[in-house]
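Remarks on the overall topology
Chain by chain, the residues:
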Amino acid sequence: YSGITFNLLGSMSAMQVAYISGNGTVSAADADQYSTMPAIGITIGTAEEVLTHGTMTNSAWSLTAGQEIYVSTTAGAITTTMPSGSGDIVQVIGYALDANTIFFTFDNTLIER
């Protein structure tokens, strides 16, 4: 995987989507808040590491291969449903490889709805 170590801001935990804040730390990205975008990675765990490109597996996911993965309107979360509210930010951050694995590739293209 490709990762980088950051100082985590607030109470981020494993598998939360992150953006780089103005003070150089990372915090939870939120598709409802343009100021918390673009997402640059997903937290790996409590070691303050952020996956910026590569695969992650989670047996709790129930995905379909080929699904696009987006930043959610819930801070730090991922979703397979494109944000659709007025002012929401759409960012594709990866693709499901199977039911439990996502290939994360954080494209910095943002579309405002």
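To be clear, the structure that these remarks concern was listed above.
Report on the accompanying structure. (Residues numbered from 1 in each chain as written. Predicted model: local features only at pLDDT ≥ 70, side-chain atom pairs only at ≥ 80, totals over all residues. Heavy atoms only, no water.)

Let us look at the overall build of the protein. Secondary structure summary: the protein contains 0 helices and 11 strands in total. The order of helices and strands in the protein, counted from the N terminus, is β-β-β-β-β-β-β-β-β-β-β. Per-residue burial for the protein yields a buried fraction of 42% across its 113 residues. For the protein, long-range pairs separated by at least 24 residues make up 54% of all intrachain contacts whose partners lie at least 6 apart in sequence. (Helix = DSSP H or I, 4+ residues; strand = E, 2+ residues; numbered from the N terminus. Buried < 20%, exposed > 50% of the residue type's maximum accessible area, 1.4 Å probe, protein only. Contact = heavy atoms within 4.5 Å.)

Here we come to the nonpolar core. Among the nonpolar cores identified, the biggest contains 19 residues, and V17, V71, I93 and F104 are the most heavily contacted of them. Listing elements by their share of this core, those giving two or more residues are β2 (17-20), β5 (49-57), β6 (68-71), β9 (92-98) and β10 (101-105). When neighbours within four sequence positions are excluded, V71 is seen to be in contact with V17, A29, D30, A31, M37, A39, A77, T79, P83, Q91 and I93. Counting 5 residues, the second largest nonpolar core, distinct from the first, contains M12, A18, V26 and V50. (Core = buried A, V, L, I, M, F, W, Y, C linked by side-chain atoms within 4.5 Å.)

Scanning all chains against the criterion turns up 1 aromatic pair. Between F104 and F106 the ring centres are 5.6 Å apart and the planes differ by 10°, which places this aromatic pair in the stacked class. (Phe/Tyr/Trp six-rings, centres within 6.5 Å; stacked < 30°, edge-to-face > 60°.)

As a further point, take the pairing of β6. Bridge count for β6 against β9 is 3 bridges, and the pairing is antiparallel. Each bridged residue has a counterpart across the sheet, and for E68 the counterpart in β9 is Y95. By the bridge criterion, 2 bridges tie β6 to strand β7 (residues 78-79) in an arrangement that is antiparallel. Across the sheet, the residue bridging to Y70 is T79, located in β7. (Pairing = 2+ DSSP bridges.)

In this structure, T55 sits in strand β5. For the pair T55 and F103, spaced 48 residues apart in sequence, the C-alpha separation works out to 4.3 Å. Not counting residues up to four positions away in its chain, the partners in contact with T55 are L97, T101, I102 and F103.

Take Y19: it is sitting in strand β2. Here the alpha-carbon distance between Y19 and S35, two residues 16 residues apart in the chain, equals 9.3 Å. Ignoring anything within four residues of it in the chain, the contact list for Y19 reads T25, V26, S27, A28, A29, S35, T36, M37, P38, A39 and I40.

What follows concerns unusual backbone geometry. With an omega of 0°, the peptide bond between M37 and P38 qualifies as cis. Positioned with a positive phi, M15 is a non-glycine residue whose angle comes to about 65°. Examined against the element boundaries, M15 turns out to sit in the loop between β1 (2-5) and β2. Its relative accessible area of 32% is what places M15 among the partly exposed residues.

With that out of the way, let us pick up the pairing of β5. Sheet analysis places strand β4 (residues 41-43) next to β5, joined by 2 bridges and oriented antiparallel. Paired with I42 across the two strands is L51, which belongs to β5. As paired strands, β5 and β10 are joined by 5 bridges and run antiparallel to one another. Each bridged residue has a counterpart across the sheet, and for G54 the counterpart in β10 is F104.

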